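One letter stands for each residue in the lines below.
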Amino acid sequence: MKRILTLAPNTFLWVNERNGLIYNSKNYKSLEFNLTPGISQLCNILLDYNHLYSAQYDECADTSIKDFIEGVVSIDAGYVHEVGQSVLSLPPLLKIQHDMNFLKKRGDEFQDFALRYLSRLIVFVGGSCDENIYYKQTTYPVNSLDTLSCHEIICFLKSIVSPYLSEIVVIFSDIQKYNDLMMLANYLGTLKSNITICINSEEENVPIKEILKCGDNIKIKYVYKPGQFDKLHIHTEYANVVHSFLISSEDNYVEFEKIYNKHTTDNLEVIPVFDGRNFEFIKHNVFLSKNEILSSELTKRDIFIHQVLNNNYFGTLYIMPDGNIYSDLTSPALGDINDCIYDIILKEISLNYSWRQIRNSGQCQLCLYRELCPSPSIYEKMMNLRCICIANK
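Residues numbered from 1 in each chain as written. Predicted model: local features only at pLDDT ≥ 70, side-chain atom pairs only at ≥ 80, totals over all residues. Heavy atoms only, no water.

We now examine the overall build of the protein. Each helix and strand in the protein was counted, giving 13 helices and 16 strands. Seen through its C-alpha atoms, the protein measures out along the principal axes to roughly 80 × 55 × 35 Å. Counting every position in the protein, which comprises 393 residues, the buried fraction comes to 50%. Across the protein, contacts joining residues at least 24 apart in sequence account for 66% of those joining residues at least 6 apart. For the protein, the accessible surface area stands at approximately 20100 Å², while carbon and sulfur atoms represent 47% of it. If the 36 positive side-chain charges of the protein are averaged to one point and the 47 negative ones to another, these points end up 4 Å apart. (Helix = DSSP H or I, 4+ residues; strand = E, 2+ residues; numbered from the N terminus. Buried < 20%, exposed > 50% of the residue type's maximum accessible area, 1.4 Å probe, protein only. Contact = heavy atoms within 4.5 Å. Areas by Shrake-Rupley, 256 points an atom, 1.4 Å probe, with all protein chains shown as cover. Lys, Arg positive; Asp, Glu negative; His and termini not counted. Charge placed at Lys NZ, Arg CZ, Asp CG, Glu CD.)

See below:
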């Protein structure tokens, strides 16, 4: 007797030469299976858009097909019905509205779309601090002879009038020696964007109260270098003061835990960083195993994002103390603060240094888990890894 298997619209089906994976993005359950000839034929039909996510099979089929169908039904990823019964189900396919060709054809109207893509600015003011590689990985000061003036920063921000710019991060290397600090803080306080002012934990006598008075949108973040957690600036009286502890080892984390347990505040965060040597620490504490990936509870929207965008980078631009602008601090500059912001955004969209870097090449290209796996990150670039796959563990 013939019956029909129909996959649910929230179900994703991926196959390679030997194996397959079904993922229900509604209840986050998954089914891994081997591709027998019969199951392979069934999957090929299901993946044919013209069949509306349905495939006919024989109830007398071999055991592997029966087990496969039972597995699909058991995780609510599909259902079985009679031949002739009208059932409509479409595979979860992403419709791209604004691809590169579309934007190029819009001409002058591109400006209206360009600013929608810019959601975050990270401004490295510059100045003297410890030499480090952490600034490429997270919000940490950079050691630089150059310094962006208050006038340069304000002029650049005034050139970007956008309701889509939700966050501006300003990172000071030596806030004590920065001229016109309060003038800059007062201007930032007038903006609609959320403002984070990052300060090296080595800094003393920072005018916290005065800075916070400049606007309700301003938050101050102290950043602590790995192993240098002794100079604490825990201000529990200020809700808008947070503390970011960089860790590069298990010992660093133990030290952070002691601080966390001692202070009655939730404004503490921990960020793993690569220091040039701690490969095993990053591997075991940042990269995900197959089971961790399958337990991530990704929605259909999350998977669509992984298919086309890098959500670690997309929408973010970095401004360095010399005025150069980057989409990723390991890639070439897109321009500088004197260039039109629309040209900067268009250049990144065209060259794709980071915003649209997804797992579609190398070993990732044929991996069943690539669209569930997190987007390529700065860790991989800093560690010079082409693939972080630990999928079989």
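After that view of the structure, there is still more to cover.
This brings us to a nonpolar patch on the surface. A cluster of nonpolar side chains, namely Tyr-49, Leu-52, Leu-88, Leu-90 and Leu-93, defines an oily patch on the protein surface of about 490 Å² accessible area. Inspection of the secondary structure puts Leu-90 in the loop between β6 (78-82) and α3 (100-106). (Patch = residues over 30% accessible without salt bridge, like charges linked within 9 Å, V, L, I, M, F, W, Y side chains within 5 Å. Salt bridge = Lys/Arg side-chain N within 4 Å of Asp/Glu carboxyl O.)

A full pass over the atoms with the stated rule returns eleven salt bridges. Between Arg-3 and Glu-82 there is a salt bridge; the shortest N-O distance is 3.0 Å. Highlighted residues: Arg-3 in strand β1 (residues 2-7) and Glu-82 in strand β6, separated in sequence by 79 residues. Residue Glu-82 is classed as partly exposed on the basis of its relative accessible area of 33%. The partner of Lys-290 in a salt bridge is Glu-32, with the nearest N and O atoms 3.3 Å apart.

For helix α11 (residues 300-308), every residue scored as buried is listed here: Ile-303, Phe-304, Ile-305 and His-306. On its buried face, α11 sits against β2 (11-15) and β3 (19-24).

Turning our attention to the sheet that holds β2. Ordered in space as β2-β3-β4, the three strands form an open sheet in which the pairing is antiparallel. Both outer strands of the open sheet, β2 and β4 (30-34), are each paired with one neighbouring strand and no more. With strand direction ignored, the average angle separating the axes of adjacent strands in the sheet is 10 degrees. Pairing of β3 with β4 involves five bridges; the strand directions are antiparallel. Bridge assignment links Ile-22 to a residue of β4, and that residue is Leu-31. (Pairing = 2+ DSSP bridges. Axes fitted to C-alpha atoms, helices over the stretch in contact; angles between N-to-C directions.)

To describe a pair of aromatic rings, you give the distance between the ring centres and the angle between the ring planes. Under the definition given, this model contains 14 aromatic pairs. Pairing Phe-256 with Tyr-260 gives two aromatic rings, centres 6.0 Å apart and planes at 40 degrees, and the pair type is tilted. Highlighted residues: Phe-256 and Tyr-260, both in helix α8 (residues 250-262), separated by four residues, approximately one helical turn. Judged by its relative accessible area of 38%, Tyr-260 falls in the partly exposed class. Geometrically, the ring pair formed by Phe-274 and Phe-279 is edge-to-face, given 5.0 Å between the ring centres and 70 degrees between the ring planes. Given a relative accessible area of 3%, Phe-274 falls into the buried group. The class of Phe-279 is partly exposed, set by a relative accessible area of 37%. Three or more aromatic residues joined by ring pairs make a cluster, and in this case those are Tyr-224, Phe-229, Phe-245, Tyr-253, Phe-256 and Tyr-260. (Phe/Tyr/Trp six-rings, centres within 6.5 Å; stacked < 30°, edge-to-face > 60°.)

Let us now look at the nonpolar core. Ranked by size, the top nonpolar core spans 83 residues in total, and within it Leu-121 and Ile-341 carry the most contacts. The contact partners of Ile-341, leaving out residues within four places of it in the chain, are Leu-115, Leu-118, Phe-156, Ser-159, Ile-160 and Leu-317. Membership of the second largest hydrophobic core comes to 21 residues, among which are Leu-5, Ala-61, Ile-69 and Ile-75. (Core = buried A, V, L, I, M, F, W, Y, C linked by side-chain atoms within 4.5 Å.)

Attention shifts here to the sheet that holds β1. On the basis of which strands lie adjacent, the open sheet formed by three strands has the order β5-β1-β6 and antiparallel pairing. The outermost strands of the open sheet, each flanked by one partner alone, are β5 (54-58) and β6. The sheet shows a mean angle of 30 degrees between the axes of neighbouring strands, direction not considered. Note that β1 and β6 share five bridges and pair antiparallel. When the bridges of β6 are listed, Thr-6 appears paired with Tyr-79. Sheet contacts for helix α1 (residues 37-46): β1 and β5; angle to β5, the most-contacted strand, approximately 150 degrees. Across the face of the sheet, helix α2 (residues 63-74) comes into contact with β1, β5 and β6 while running at roughly 115 degrees to β6.

Once that is clear, we can look at the packing of α1 against α2. It is the contact of α1 with α2, at a shortest axis distance of 8 Å, that shows an interaxial angle of 45 degrees. Considering the angle they form, α1 stands oblique to α2. Across the interface between the two elements, Gly-38, Ile-39, Leu-42 and Cys-43 from α1 touch Ser-64, Ile-65, Phe-68 and Ile-69 from α2. Grouping the constituent residues of the contact of α1 with α2 by class yields six nonpolar, two polar and no charged. (Parallel < 35°, antiparallel > 145°, perpendicular 65-115°, else oblique. Nonpolar A, V, L, I, M, F, W, Y, C, P; charged D, E, K, R; others polar.)

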